[in-house]
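Remarks on the overall topology
Residue-level listing of the chains:
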Amino acid sequence: MAWVSQQFTLPTAYPMLIASMGASAVIVFIIPNSPLAQPWPLVGGQLVSTAIGIVCAQIVSDTAFASAFAVGGSVLAMLLLRCLHPPGAASALTPVISGDSIVSLGYGFVLLPVSLNIAVMLVLAIVVNRWLLRHEYPTRPRKSYKNSTHDPIVELTQQPGISEQDVEQVLQKMDTFMDVSTGDLSRLLADVQMQSVKRHSTEISCADIMVGNVLTVEYGTDVEEAWKLMQRENLKALPVIDKSRRVIGIITWHDFFKFINMNTRETFQERFQAFIRRTPDISTDKPESVGHIMSSPVIVRAESTHIIDLIPLLSNEGFRQIPIVNNEKRLVGMVYQANLIAALHLLSWH
């Protein structure tokens, strides 16, 4: 931020940095999932607080009272505007305790260097968190599992227990600010619950419940051949593997149907037969091999994975089967929803 400010050749009266940016850096880079670290709290909290600090420095001559009004006013404004960012209170103090050197700049101080500092900080926060550290930033609100069938928050059972709604109600009753989102707290509780089930249950891995000798196809397998295989063996899905038996994709019934042109006068059966039938010509305008219609990439799990770890995938994430691989990433089997249900039923009896 100091380097960028130098490039703008600021007048000597303007500082390159405001000290509160050091505290903002700790929050934005160390706890990026915090509600305090999100873009609106960072931008709004700093700008609003700085403006309030300038107002207090200009109209209140006593430094002690001006400091109190600046900090109290900035906190109130951040709460009302839902942009609580603790370093903002320090930014509000800056014009008050810096004296005439900053007060004389007026609201231009909000533009330079505060706005410039914040812009650089926000860009760095996105680049570092999202592309270097692979964190989700800005974080998106977690949806309740009751509103989505693909929610990552996993309830092991639908029996009475801790739900996200329970968490929301408890947080609303608290008289202090909690630096954690409802979604993150619910996810944490769900993970703890799953870990507890693992600890108290028998160590059953994917290798114990998977179906071995799974039928497969390769990238170049004809679409028609793959469809006939699925029909003959009554399969809902086929893993697609390479020459080393590593999973590169998967095909389901949906993958066949999504390429059918519905804007014709032919019946659905005629259109489907025309789609899967191999084109005799050299060129074609439709997919001819499995590799052209498969879904990729594919989520796989190691054969040593505990079966409890499959619950999020086979329940809330909507998967009906999970390919299982060995330590060399080669396909060794498949776990279906029915296999997991049967295993969990046995666990409940033990």
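Below, the structure is looked at part by part. (Residues numbered from 1 in each chain as written. Predicted model: local features only at pLDDT ≥ 70, side-chain atom pairs only at ≥ 80, totals over all residues. Heavy atoms only, no water.)

Tallied over the entire structure, the rule returns four salt bridges. Among the salt bridges present, the one from arginine 232 reaches glutamate 233, with a minimum N-O distance of 3.7 Å. Given the relative accessible area of 58%, arginine 232 is considered exposed. Among the residues examined, glutamate 233 registers a relative accessible area of 39% and is labelled partly exposed. (Salt bridge = Lys/Arg side-chain N within 4 Å of Asp/Glu carboxyl O. Buried < 20%, exposed > 50% of the residue type's maximum accessible area, 1.4 Å probe, protein only.)

By the definition in use, this model includes four aromatic pairs. On the numbers, 6.3 Å between centres and 40° between planes, the contact of phenylalanine 65 with phenylalanine 69 is tilted. With phenylalanine 65 and phenylalanine 69 both in helix α4 (residues 63-80), this residue pair falls four residues apart, about one helical turn. Note on phenylalanine 65: relative accessible area 52%, which makes it exposed. According to the relative accessible area criterion, phenylalanine 69 is partly exposed, its value standing at 47%. (Phe/Tyr/Trp six-rings, centres within 6.5 Å; stacked < 30°, edge-to-face > 60°. Helix = DSSP H or I, 4+ residues; strand = E, 2+ residues; numbered from the N terminus.)

With that settled, consider the sheet that holds strand β1 (residues 217-218). In any sheet, the strands associate via hydrogen bonds between backbone groups, in a parallel or an antiparallel arrangement. Here we have three strands laid out as an open sheet, ordered β1-β2-β3, and mixed in their pairing. Bordering the open sheet on either side are β1 and β3 (247-252), each of which pairs with just one other strand. Inspection of the sheet shows β1 paired to strand β2 (residues 237-241) by two bridges, in the parallel sense. Its bridge partner being in β2, glutamate 218 is matched across the sheet by isoleucine 241. (Pairing = 2+ DSSP bridges.)

This part takes up the pairing of strand β6 (residues 331-336). Pairing of strand β5 (residues 321-325) with β6, which is carried by five bridges, proceeds in the antiparallel orientation. By the bridge assignment for β6, valine 325 is matched with leucine 331. Hairpin connection, β5 to β6: the antiparallel pair is bridged by five residues, and lysine 329 has positive phi, about 65°.

The next thing to look at is the packing of helix α11 (residues 223-232) against helix α13 (residues 268-276). Two numbers describe how α11 lies on α13: the axes approach to 8 Å, and their chain directions differ by 120°. With respect to α13, the element α11 is oriented oblique. On α13, the residues that touch Val223, Glu224 and Trp227 of α11 are Phe272, Phe275 and Ile276. For the contact of α11 with α13, the class distribution of residues is five nonpolar, no polar and one charged. (Axes fitted to C-alpha atoms, helices over the stretch in contact; angles between N-to-C directions. Parallel < 35°, antiparallel > 145°, perpendicular 65-115°, else oblique. Contact = heavy atoms within 4.5 Å. Nonpolar A, V, L, I, M, F, W, Y, C, P; charged D, E, K, R; others polar.)

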